[in-house]
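Architecture at a glance
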Number of protein chains: 2
Amino acid sequence: MISKALEEYLKTIYVLKKQNGNIRVTDIANKMNCSKPSVNKAINNLKENNLINYETYGTIELTENGEQLAKKILETYDIVYLFFKDVIGLKEESAKQEAEKVKLVITDETTNKLAKYTHKVLDLYDLDCNYDVNQERCRNCKRRTLKK
Amino acid sequence: MISKALEEYLKTIYVLKKQNGNIRVTDIANKMNCSKPSVNKAINNLKENNLINYETYGTIELTENGEQLAKKILETYDIVYLFFKDVIGLKEESAKQEAEKVKLVITDETTNKLAKYTHKVLDLYDLDCNYDVNQERCRNCKRRTLKK
DNA sequence: TCCTTTTGTTAACTTCGGCTAACATTATAT
DNA sequence: ATATAATGTTAGCCGAAGTTAACAAAAGGA
């Protein structure tokens, strides 16, 4: 298990690559408001954990493991964000900030139950829905905005 | 603002004092599964932050500030715990573990909204309830266990 | 009382995650 | 093609939070 700090770096790398294609140490440092040496340490650490491929002065590429973990981190973020925004009613910006923090500390079980709960609430308590975040999306219902 | 680690020490001191009256460094170390030197560091740090009174080899007493902060930390814990247990449906032990972690990262605003939400759900959507965690408890309704 | 056990403190070390300063490398523009 | 700018790396430092080992103080029992 890597640290929460490294998870943040991995997530940022994944997101930036989706957005921009090739990314550099500087891009990550800018995005995360940290220094380049910090990024350098982090990517070397991620490399040791087989989450990215990287050679000195080279390009940053996610490994299969890295890709999967990044996706999982983002998925957790999405679930928590949706919950805070549409269930609890936080403003978008607050929901994002809180989701960033909470996603780092909750277990997979909690994430899953939170997803199911949110899903049910947003679908007006369709309790028969078999939505499971670790499988594919439920095909019987779609998330709808919260109906007051 | 003190660190999350120090908050944990403060909370433990508060709880142990409630339970046992006088407490010692060893008690805290046992409760928190850490070494006595760690506790020693922590209490010196808490003292510098005017949250406890302590003299070398003396007794540990919470200051007014310390008492207030400890209460607030516990209140947040209670809210998150209740939410995870009765709203999300985590088992007691999981709910406790998750609440310990989540309480450290969420803002006051989120805590408040989470409390209100949980309160409403447990009271079967009594939307007129004015429960506010920063004020006194709502006098119009009492928390009840979740009715499926 | 005094010896032993328990408790508390200090010192020195570790890891993590950040930083700056200095330097190395790569890219760009004239 | 080369000077300059941008980018990346290394080295060394810092603070937080933990550790162990060694020592000091307090408490308790014979």
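Scope of this entry: the structure provided in the associated data block. (Residues numbered from 1 in each chain as written. Chains lettered and ligands numbered in written order. Predicted model: local features only at pLDDT ≥ 70, side-chain atom pairs only at ≥ 80, totals over all residues.)

Glancing now at the protein's contact with DNA strand D. Among the 18 residues in the neighbourhood of DNA strand D, the closest are listed as Arg24(A), Pro37(A), Ser3(B), Ser35(B) and Ser38(B). Elements supplying a minimum of two residues to the surface near DNA strand D: helix 2 (25-32) and helix 3 (36-48) of chain A together with helix 1 (4-20) and helix 3 (36-48) of chain B. At four residues, helix 3 of chain B tops the list of elements feeding residues into the surface near DNA strand D. Of the residues in the surface near DNA strand D, the class split is nine nonpolar, six polar and three charged. (Near = placed C-beta within 6 Å. Helix = DSSP H or I, 4+ residues; strand = E, 2+ residues; numbered from the N terminus. Nonpolar A, V, L, I, M, F, W, Y, C, P; charged D, E, K, R; others polar.)

If you look at the interface, chain A gives 15 residues, while chain B gives 15 residues. Residue contributions to the side of chain A that touches chain B peak at five residues, all from helix 6 (residues 108-122) of chain A. Looking at the side of chain A that touches chain B residue by residue, the class counts come to seven nonpolar, four polar and four charged. (Contact = placed C-beta atoms within 7 Å.)

Time to look at the nonpolar core. Core analysis: the largest hydrophobic core is formed by 27 residues, its most contacted members being Val80(A), Phe84(A), Val80(B), Phe83(B) and Phe84(B). Put simply, the parts of the chain that give this core at least two residues each are helix 4 (64-88), helix 5 (92-102) and helix 6 of chain A together with helix 4 (64-88), helix 5 (92-102) and helix 6 (108-122) of chain B. Considering each element in turn, this core owes the most residues, seven residues, to helix 4 of chain B. If we skip the residues at most four places from it in the chain, Val80(A) touches Ala99(A), Val102(A), Lys103(A) and Leu114(A). Counting residues in each nonpolar core, the second largest holds 15 residues, with Tyr9(B), Ile23(B), Leu46(B) and Ile60(B) among its members. (Core = buried A, V, L, I, M, F, W, Y, C linked by C-beta atoms within 7 Å. Buried ≥ 20, exposed ≤ 12 C-beta atoms within 10 Å, placed from the backbone.)

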